[in-house]
Amino acid sequence: MALDTEFVRGQFPAFSEPSLQGQAFFENAGGSYTCAPVVDRLTRYYTQRKVQPYAPYEASRLAGEEMDEARTRMAAILGVETDELSFGPSTTQNTYVLAQAFGAWMQPGEAIVVTNQDHEANSGPWRRLADRGIEVREWQIDPATGHLNPEDLEDLLDETVRLVCFPHCSNVVGEINPVTEITAIAHAAGAFVCVDGVSYAPHGFANVGRLGPDIYLFSAYKTYGPHQGLMVIRRTLGEMLPNQGHVFNGGSLYKRFTPAGPDHAQIAASAGMADYVDMLCSHHGGPTGKPSERGAFVHDLMRAHEIELLQPLLDAVKDRNAVRLIGPSDAALRAPTVTLALTRNAEEVAADLATHGIMAGGGDFYAGRALRAVGVNMDAGVLRLSFTHYTSKAEIDQLLTALDRVL
Ligand SMILES: Cc1ncc(COP(=O)(O)O)c(C=O)c1O
């Protein structure tokens, strides 16, 4: 069954917005368009339910109920218990809070492992634990390919390591890391695992329960939703780490790592992401059973469409003079987040692409460690072309024509 892109695009108001006509969007890794169910729920919340939730009057009851619905339905898609999912302002902030919790729990001399493939969000907050006497070990990528080799992790592990942090997929290398395999290696050494799923989640929600990490983070503004960070913390770890929230919330797993007051409207609107998964699933004749099965079906539909569109783009850039493709040239091994090192300044190339109706960006995408490690000239930066399942073949053709003109 192929993805019905016309149906898909009909669920995104941006595709019928007059000011965006003729513009092909290739900066999705920065933030996706928002699907209609999320926009509708956000509007309804702000117009009908914008009151303090969880009080007995009707508007408040509905507000609280919708917030609970978002957590319940998204947790079910992710294959975890409802209270193992929490919402925070962003993935960066969620990671920061988690790092405070680990910092309080760990003893000086104990160690954590971070990578140089990650976005700063899953790196800096952990690295700062060195100030508290915690040893930080860096799991390094291959300087030629950007590949993160699980065998190299084994050399970094011993009985002092408490946590291993890595991305499901880097926002510049694009290669999909084998989360289950890596998690098994870390767990065998007695370490917990924290996965940054931000760059992977837009390409289909993972069954986090089955994948196995103890922490899995992603950002809803990249998965067709509002500006929220979603954070799975499995029970054993979440109940063991010290509470970072209000003291009276310490007994509630989903409140322990969200010290800020929650953004009620955005949490409620996050249920629209579950609506969208369900719409895609039923439109394509998918399973009617468990939400995680529907999520898996939609994930596979999205991935198949993306792989089909991605391979011609990779083929077009991989052997071009004066272009270096970062990460794998086989579409099946990566997300459709394509980073190119060029001989010209990448932001200038992005500006040239904009004159051909291509929306893309240049720079370091907060992943400077990964780019420096693979030898990118940081003054020039990289051009990033990222798309998702709602991208059409016509938009890929528009991009290929534009690249021919500007590269
Ligand atoms: C891979 C990756 N991780 C983490 C983040 C940070 O997410 P947030 O903006 O929600 O803090 C980003 C944002 O671009 C990202 O691409």
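Residues numbered from 1 in each chain as written. Predicted model: local features only at pLDDT ≥ 70, side-chain atom pairs only at ≥ 80, totals over all residues. Heavy atoms only, no water.

Caption draft 1: Representation of the pattern of salt bridges. This structure, assessed with the given rule, holds 27 salt bridges. One salt bridge in this structure joins Arg137 and Asp158, with 3.1 Å as the shortest N-O distance. Here Asp158 lies in the loop between α6 (150–156) and β5 (161–167) and Arg137 lies in strand β4 (residues 135–139), a separation of 21 residues in the sequence. Counted as one network, the salt bridges with shared partners bring together Arg41, Arg44, Arg49, Glu66, Glu69, Arg73, Asp275, Asp278 and Arg294. (Salt bridge = Lys/Arg side-chain N within 4 Å of Asp/Glu carboxyl O. Helix = DSSP H or I, 4+ residues; strand = E, 2+ residues; numbered from the N terminus.)

Caption draft 2: Representation of empty space enclosed by the protein. Applying the stated criterion to the full structure yields two cavities of 30 Å³ or more. Ala201, Gly204, Phe205, Thr223, Tyr224, Met273, Tyr276, Val277, Gly295, Val298, His299 and Met302 are the residues that line the largest cavity. Those elements that place two or more of their residues in the lining of the largest cavity are α11 (271–283) and α12 (291–318). No other element matches α12, which puts four residues into the lining of the largest cavity. Here the second largest cavity is characterised by a volume of approximately 50 Å³. A breakdown of the residues in the lining of the second largest cavity according to their chemical character gives four nonpolar, six polar and no charged. (1 Å grid on protein atoms, 1.4 Å probe; cavity = no way out; pocket = protein on both sides within 12 Å on 5 of 7 lines; lining within 4 Å. Points joined across faces, edges and corners; volume = space filled by probe spheres on them. Nonpolar A, V, L, I, M, F, W, Y, C, P; charged D, E, K, R; others polar.)

Caption draft 3: Local environment of the site of the ligand. Neighbouring residues of the ligand: Ser90, Thr91, Thr92, His119, Ala121, Asn171, Asp196, Val198, Ser199, Ser219, Tyr221 and Lys222. For the ligand, an oxygen atom lies 2.5 Å from a polar atom in the side chain of Tyr221. Side-chain polar atom of Lys222 to an oxygen atom of the ligand: 2.5 Å apart, as the coordinates give it. When isolated, the ligand has an accessible area of 390 Å², and the protein chains bury 90% of it. Its residues placed into classes, the shell around the ligand shows three nonpolar, seven polar and two charged. (Near = heavy atom within 4 Å. Polar contact = N/O pair within 3.5 Å; in protein donor to acceptor, adjacent residues only side chain to side chain. Areas by Shrake-Rupley, 256 points an atom, 1.4 Å probe, with all protein chains shown as cover.)

Caption draft 4: A look at helix α13 (residues 346–354). Taken residue by residue, α13 has Ala346, Val349, Ala350 and Leu353 as its buried positions. Buried residues of α13 fall within an arc of 100° about the axis and therefore sit on the same side. If you check the start of α13, you find a side-chain oxygen 2.9 Å away from the backbone N of Glu347, and it comes from Asn345. (Buried < 20%, exposed > 50% of the residue type's maximum accessible area, 1.4 Å probe, protein only. Arc of directions from axis to C-beta.)

Caption draft 5: Representation of the sheet that holds strand β13 (residues 382–386) in the model. Judged by pairing direction, the sheet is antiparallel, and its four strands sit side by side in the order β9-β10-β13-β12 without closing on themselves. The sheet is open, and its two edges are formed by β9 (323–326) and β12 (361–363), each paired on a single side. The average angle at which neighbouring strand axes cross in this sheet is 30°, direction not considered. When β12 meets β13, the two strands line up antiparallel, connected through three bridges. When the sheet's bridge partners are listed, Gly363 is paired in β13 with Val382. (Pairing = 2+ DSSP bridges. Axes fitted to C-alpha atoms, helices over the stretch in contact; angles between N-to-C directions.)

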